[in-house]
Amino acid sequence: QVQLVESGGGLVQPGGSLRLSCAASGSILGIYTMGWYRQAPGKQRELVAAITSGDSTNYADSVKGRFTISRDNAKNTVYLQMNSLKPEDTAVYYCNAHGVTSGHRYFEVWGQGTLVTASS
């Protein structure tokens, strides 16, 4: 099956930067869309950013101008560059991908989550 492995989370001071990565593995024919979601304690999971196979992007209003999503199709990897981090960005960040397997079956998978903490 398709799996996603995330990395790059950690503790950073407000105003600092982090770069998250998410690599997909398995019998993958193609990935339509990859995205980043986040969930803070007591809050619902929300979309942070998404990117299509054609590099069309979508961002939550709260992160526009600060975060940048990108992907490397050859590596089946998506990145999230986070600049000017704020305390309200603190959350567990989850990678998501959906596409088609080598067996021509649709899939949607989630990463394990990585904790981002922006605090003094």
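Just above sits the structure.
These numbers were taken from a predicted model, which means no experiment stands behind them.

Let's talk about the state of the cysteines
- According to the stated counting rule, one finds one disulfide in the structure shown.
- The disulfide that involves cysteine 22 links it to cysteine 95, with 2.2 Å between the sulfurs. The S-S bond linking cysteine 22 to cysteine 95 shows a torsion near -85°; that makes this disulfide left-handed. Of the two residues, cysteine 22 is situated in strand 3 (residues 18–25) and cysteine 95 in strand 9 (residues 91–101); the sequence distance between them amounts to 73 residues.

Looking at the pattern of salt bridges
- On inspection of all chains with the given rule, the structure shows four salt bridges.
- With its nearest N and O atoms 2.8 Å apart, the salt bridge here joins arginine 66 to aspartate 89. Taken together, the residues arginine 66 in the loop between strand 6 (57–59) and strand 7 (67–72) and aspartate 89 in the loop between strand 8 (77–82) and strand 9 connect sequence positions 23 residues apart. Accessibility assignment for this pair places arginine 66 and aspartate 89 in one class, buried.
- Members of the salt-bridge network, linked through shared partners, are Arg38, Glu46, Arg66 and Asp89.

Description of the packing of aromatic side chains
- According to the stated counting rule, one finds one aromatic pair in the structure shown.
- Across the ring face of tyrosine 79, the terminal group of arginine 19 is positioned such that the distance to the ring centre comes to 4.1 Å.

So, the environment of aspartate 61
- Structurally, aspartate 61 is set in the loop between strand 6 and strand 7.
- Judged by relative accessible area, which is 66%, aspartate 61 ranks as exposed.
- Spatially, the C-alpha atom of aspartate 61 lies 9.7 Å from that of alanine 49, the residues being 12 residues apart in sequence.
- There is a polar contact of 3.2 Å between the side chain of aspartate 61 and the side chain of lysine 64.

Calculation rules
Each chain carries its own residue numbering, running from 1 in the direction its sequence is written. Owing to the predicted nature of the model, reporting of local features is limited to residues with pLDDT of at least 70; listing and counting of side-chain atom pairs is limited to 80 or more, with chain, interface and lining totals taken over all residues. Side-chain measures were taken over the full set of non-hydrogen atoms in the model, leaving aside hydrogen atoms and water. Note on terminology: pairs of cysteine sulfur atoms within 2.5 Å are recorded as disulfides. Helix and strand assignments come from DSSP, with helices taken as H or I runs of at least 4 residues and strands as E runs of at least 2, each series counted from the N terminus. Any Lys or Arg side-chain nitrogen located within 4 Å of an Asp or Glu carboxyl oxygen qualifies as a salt bridge. With a 1.4 Å probe rolled over the protein chains alone, any residue whose accessible area is under 20% of its type maximum counts as buried; one over 50% counts as exposed, and the rest are partly exposed. Each Phe, Tyr or Trp ring (for Trp, its six-membered ring) is paired with any other whose centre lies within 6.5 Å, and the angle between the two planes then decides the class: stacked below 30 degrees, edge-to-face above 60, tilted in between. Here, a charge over a ring means that NZ of Lys or CZ of Arg falls within 6 Å of the ring centre while also lying within 35 degrees of the ring normal. By the criterion applied in these results, polar contacts are pairs of N or O atoms within 3.5 Å in which, for protein atoms, one can donate a hydrogen and the other can accept it, and in which residues neighboring in sequence qualify only through two side-chain atoms.

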